[in-house]
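Residues per chain, in single letters:
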Amino acid sequence: SGDLSLGSTDPEGRLTISKVQNDLSSAGGFANPHLRLNATSTTNTNGFTCVAYSVSTLTNYGWTAGAQRVSGGGTDGAFIFRHHSNSATGDERFRMLSTGAVEISSTNGNNLLKLIPTASGSTSIIFNTWQDNTNGRNFAIRNRYSDHGRLEIMRSTANDSDATTAVISFDKYG
């Protein structure tokens, strides 16, 4: 039938990998995974190890999902989804950083949504409007934990480099 089974004699798909689940409190998932895509060499800041999901019999149509090396030291990486439409490199659509920040991008490169955890006791959702930072007005919704959960709707004055300023605030009393 052409099916392959590892760790079992009964394949349940084209490829079946069977093994006991890892205990995250001891062995962890990274040390003893069911399947590992292992890089045999590294490329600083843009090395990408991924799985490709084809949507056509033609080359370079579909999605890739994988880990991208985002530093020269190799200790920091991002998990990325890329869409490919007749393109080997594709367009990034989703990025999760090791900090927990999440970015969702559009076709023209704008970050449609950024969820950025902060160490200051606040959580922000940032909505960006322009990629080139010349005409953009960025908005944010922030929960100010340090101010007893005050909710703020904020906007920047000019572009992505400008700080956002609260334009509407709701305190714990409404």
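See the structure printed just above.
Being a predicted model, the structure only gives us computed values, none of them experimental. (Residues numbered from 1 in each chain as written. Predicted model: local features only at pLDDT ≥ 70, side-chain atom pairs only at ≥ 80, totals over all residues. Heavy atoms only, no water.)

(A) View of the overall build of the chain. In terms of helices and strands, the chain carries zero helices and 12 strands. Taken from the N to the C terminus, the helices and strands of the chain come in the order β-β-β-β-β-β-β-β-β-β-β-β. Within the chain, the proportion of its 174 residues that are buried is 21%. Approximately 11800 Å² of the chain is accessible, and the part contributed by carbon and sulfur atoms is 54%. (Helix = DSSP H or I, 4+ residues; strand = E, 2+ residues; numbered from the N terminus. Buried < 20%, exposed > 50% of the residue type's maximum accessible area, 1.4 Å probe, protein only. Areas by Shrake-Rupley, 256 points an atom, 1.4 Å probe, with all protein chains shown as cover.)

(B) Summary view of the environment of Gly13. Along the chain, Gly13 falls in the loop between β1 (4–6) and β2 (15–17). C-alpha of Gly13 to C-alpha of Asp3: the two residues are 10 residues apart in sequence and 6.6 Å apart in space.

(C) Spotlight on the packing of aromatic side chains. Under the defined criterion, the tally for this structure stands at two aromatic pairs. For the pair Phe79 and Phe81, a centre-to-centre distance of 5.5 Å together with 80° between the ring planes defines the contact as edge-to-face. Owing to a relative accessible area of 35%, Phe79 belongs among the partly exposed residues under this scheme. A relative accessible area of 33% places Phe81 in the partly exposed class. Seen in terms of ring centroids, Phe81 and Phe94 are 5.6 Å apart; in terms of plane orientation they differ by 70°. Their pairing is edge-to-face. Note that Phe81 is positioned in strand β5 (residues 77–85) and Phe94 in strand β6 (residues 91–97), a separation of 13 residues in sequence. (Phe/Tyr/Trp six-rings, centres within 6.5 Å; stacked < 30°, edge-to-face > 60°.)

(D) Region of interest: the pairing of β6. Sheet topology places β5 next to β6; six bridges connect them, and they run antiparallel. By the bridge assignment for β6, Ile80 is matched with Arg95. Here β6 pairs with strand β7 (residues 102–105) via three bridges, running antiparallel. Bridge assignment links Arg95 to a residue of β7, and that residue is Glu103. Taking the residues that link successive antiparallel strands as the turn, the β6-β7 hairpin has four residues, and the phi of Gly100 there is positive, at about 100°. (Pairing = 2+ DSSP bridges.)

(E) Structural detail: the side chain of Ser71. Mapped onto the secondary structure, Ser71 falls in the loop between β4 (61–69) and β5. For Ser71, the side chain forms a polar contact with the main-chain nitrogen of Asp76, separated by 3.5 Å. Beyond its immediate sequence surroundings of up to four residues, Ser71 is in contact with Asn44, Thr45 and Asp76. (Polar contact = N/O pair within 3.5 Å; in protein donor to acceptor, adjacent residues only side chain to side chain. Contact = heavy atoms within 4.5 Å.)

(F) Seen up close, the pairing of strand β3 (residues 48–54). The pairing of β3 with β4 spans seven bridges and is classified as antiparallel. When the sheet's bridge partners are listed, Cys50 is paired in β4 with Gly66.

(G) Structural detail: the pattern of salt bridges. Under the definition given, this model contains four salt bridges. The partner of Arg14 in a salt bridge is Asp3, and the shortest N-O contact between them spans 3.0 Å. Residue Arg14 is located in the loop between β1 and β2, and its partner Asp3 is located in the segment before β1; the two are separated by 11 residues in the primary sequence. Two residues, Arg93 and Asp91, come together in a salt bridge whose shortest N-O distance is 4.0 Å. For Arg93, a relative accessible area of 16% puts it in the buried group. One continuous salt-bridge network, built from bridges that share partners, spans Arg82, Glu92 and Arg95. (Salt bridge = Lys/Arg side-chain N within 4 Å of Asp/Glu carboxyl O.)

(H) Up close: the environment of Asp171. Within the secondary structure, Asp171 is located in the segment after β12 (164–170). With 21 residues separating them in the primary sequence, Asp171 and Arg150 have C-alpha atoms 4.4 Å apart.

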